[in-house]
Amino acid sequence: KLISIGNMADVDFADLIEWFDEDDNTTCVSLYIEGMKNGRKFIDSARKSKKPIVALKSGVSAHGAAAAASHTGSLAGAAKIYTSAFKQAGVIQASDLNDLFNRTLTLSQQPPMKGENLLILTNGGGVGVLATDAAEKYGIPLHFAPPDVQEELKKHMPEFGSAKNPVDMTGMAGNDWYYQTTKFSYAHKWTDGLVVLYCETAMTNPMEIAQSIKKAVVDSGAKNKPITVSFVGGEKSDAAMGWLVENGIPAFGAPDVAVNAMAALREFARLQETKNGGEYKTNEKAKKAALEVINKARADKRDSLTEIEAKEVFKAYGMPVTSIALAKTEEEAVALGMKIGFPLVLKIVSPDILHKSDAGGVKVNLKDEAGVREAFQTILKNAKAYKADADIHGIAIQEMAPWGTEVILGSVNDAAFGPTVMFGLGGIFVEVLKDVTFRVTPVAKSQAEEMIGEIKGAAILAGARGEKPKDRKVLAEAIYAYSSMIYDLQDEIKESDANPVLVYEEGKGLKVADARIILKAK
């Protein structure tokens, strides 16, 4: 069935997913998406679906997003947020129109690939190497077949063949060798997925090879195991692939496409394992404490919290923040500094000065009373010079946390999905490389762990170049706590960030060194 739903005045993607999930004639749901208005409804429907869902998101470029918005009347949304939402919903993403059709075909005909062991059979070394490259590219790195598998496979190839993986039967392979190797490989318990490649040769008939592959699958007696095929050749190979598709085996004209199709089956299996993430319950105690802080700021007619207030909200949700207190006089600053302990950081506290460093409103590494007094006076002078009429609440006296690996947590409200959480490495990595990942809140603890592994800088947190691994367990807990805060307070918080968050070695935790919360207008 093919349905175009236009501007979704009444029926939307979620409605159709629920309908097709109950349709006996549908085995896979395939979506082309420019944008949507109710992303959370989409996620809920997709999570409940028993059938695979493939989605192609367009409008991922800046110009494309503008075109999608003008065409559908709804914002297309950030591409990274859609990618994360698809993952949370258990939806397989396609990269282009051909990929959408190829993945749809495969998921409609084959079961998911539940394990990690992919075996590739071929009669041509070149296509075998291309398939090997594709396997790594699409997230299924190949392993050599076990010795007992290799010994059996060697019976169906010349001495100069290779039984490792990919299994190269050489150009001498005919109908019988294809039948025997496919039947054995498909049935063997080590094999979780099988890709069969064929390069057309003068000594073979493509249709007979196709029929040998199909017969081998049937005769193996194996069930619930995926197979994809690629034939490289002319018209006869095309006809043979058409026959395979008609008989329930997806076949493609290039080896990398056959491997990508298998990767979709592996992705589907993994998403089924992780898409739900458990039920979320509001942290009522933390929410009550946070609302007390927020309501006080609203009573003062403010649309943002001070850093001290923001850290109170963070702390209510269990996030480790640096010790901080407000001093209104120089003497208070000295007394608080003595209580917190040196070294210290002093920062201006003013709703009119959000970018404190630009105003000369930050002094770091203060090691004694004299340093605190001088910094207090200098910061006040700089702040007044920066904005003469600024409403200055005082100066924050904060412990100076030891150096650690800088990461950033942030939140934005997406037009389609509502409150979302961002995670990435801090400093230059977020400013220049934009090495970040997103999730729609609430974020399950398992998804928080996934986020840490998704960024390009994951190796730095794992302990690269002789560095000790960072405390990723505590970091995952902090992401989860931050997500809970953003979800619980979605009616209050417009945007926020914790930057930098300093992450230390395993077992030594982390510290939120700076925090910012902007409130929604009411």
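This is a predicted model, so every value here is computed, not measured.

A. A look at the side chain of Arg103. Tracing the sequence through the fold places Arg103 in helix α5 (residues 97-109). For Arg103, the residues in contact, after removing those within four places along its chain, are Val54, Ile92, Gln93, Asn260, Ala263, Ala264 and Glu267.

B. Just helix α8 (residues 175-187), in detail. Relative to the 18 Å expected for 13 residues at 1.5 Å per residue, α8 spans 18 Å between its end C-alpha atoms, a close match to the ideal helical length. Along α8, the residues classified as buried are Tyr178, Tyr179, Thr181, Thr182, Ser185 and Tyr186. Residues of α8 that are buried in the fold lie against β4 (118-122), α7 (147-153), β6 (193-199), α9 (206-220) and β7 (227-232).

C. Focus on the nonpolar core. Leu305, Phe314, Phe423, Leu475 and Met485 are the most contacted members of the largest nonpolar core, which totals 42 residues. For this core, the element with the most residues is helix α19 (residues 472-488), which contributes 8 residues. With near-sequence residues (within four places) excluded, Leu305 lies in contact with Val293, Ile294, Ala297, Ala310, Val313, Ile517 and Leu519.

D. Spatial organisation of the packing of aromatic side chains. Tallied over the entire structure, the rule returns 8 aromatic pairs. Ring centres 5.2 Å apart and planes at 85° place the aromatic pair Trp19 and Phe20 in the edge-to-face group. For Trp19, a relative accessible area of 47% corresponds to the partly exposed category. Since its relative accessible area comes to 9%, Phe20 is described here as buried. Ring geometry for Tyr82 versus Phe417: centroids 5.0 Å apart, planes at 80°, classification edge-to-face. Of this pair, Tyr82 sits in helix α4 (residues 79-89) while Phe417 sits in the loop between β13 (405-414) and β14 (418-425), and the two are 335 residues apart along the sequence. On the basis of relative accessibility, which here comes to 1%, the residue Phe417 falls in the buried class. Grouping aromatic residues by their ring pairs yields a cluster made of Phe42, Tyr82, Phe86 and Phe417. The ring of Phe144 carries Lys164 above its face, with NZ or CZ at 5.5 Å from the centroid. Taking the ring centre of Tyr480 as reference, the NZ or CZ of Lys445 above it sits at 5.1 Å.

E. Seen up close, the pairing of strand β10 (residues 344-349). In terms of burial, β10 is largely enclosed, as 6 of its 6 residues are buried. Burial along β10 is two-sided: the residues Leu344, Leu346 and Ile348 and Val345, Lys347 and Val349 are all buried. Direction of pairing for β10 relative to strand β11 (residues 362-366): antiparallel, over a ladder of 3 bridges. Along β11, the bridge assignment pairs Lys347 with Val362. In terms of strand pairing, β10 meets strand β12 (residues 394-399) through 6 bridges, oriented antiparallel. Following the sheet pairing, Val349 is matched in β12 by Gly394.

F. Structural detail: the sheet that holds strand β3 (residues 92-94). Taken in spatial order, the 3 strands line up as β1-β2-β3 in an open sheet, and their pairing is parallel. Strand pairing shows two members of the sheet lacking a second neighbour, β1 (29-33) and β3, which therefore form its edges. On average, each strand axis in the sheet is tilted by 25° relative to the strand beside it, whichever way the strands run. As paired strands, strand β2 (residues 53-57) and β3 are joined by 3 bridges and run parallel to one another. Within the sheet, the bridge partner assigned to Leu56 lies in β3 and is Ala94.

G. Looking closely at the confidence of the model for the chain. Taken over all residues, the pLDDT of the chain has a mean of 93, while the share at 70 or more is 97%. Throughout residues 72-76 the model reports pLDDT below 50, and contacts reaching past four residues in sequence, or to other chains, amount to 20 contacts.

Rules used throughout
Residues numbered from 1 in each chain as written. Predicted model: local features only at pLDDT ≥ 70, side-chain atom pairs only at ≥ 80, totals over all residues. Heavy atoms only, no water. Helix = DSSP H or I, 4+ residues; strand = E, 2+ residues; numbered from the N terminus. Contact = heavy atoms within 4.5 Å. Expected span 1.5 Å × (residues − 1). Buried < 20%, exposed > 50% of the residue type's maximum accessible area, 1.4 Å probe, protein only. Core = buried A, V, L, I, M, F, W, Y, C linked by side-chain atoms within 4.5 Å. Phe/Tyr/Trp six-rings, centres within 6.5 Å; stacked < 30°, edge-to-face > 60°. Lys NZ or Arg CZ within 6 Å of the ring centre and 35° of its normal. Pairing = 2+ DSSP bridges. Axes fitted to C-alpha atoms, helices over the stretch in contact; angles between N-to-C directions. pLDDT = per-residue confidence, 0-100.

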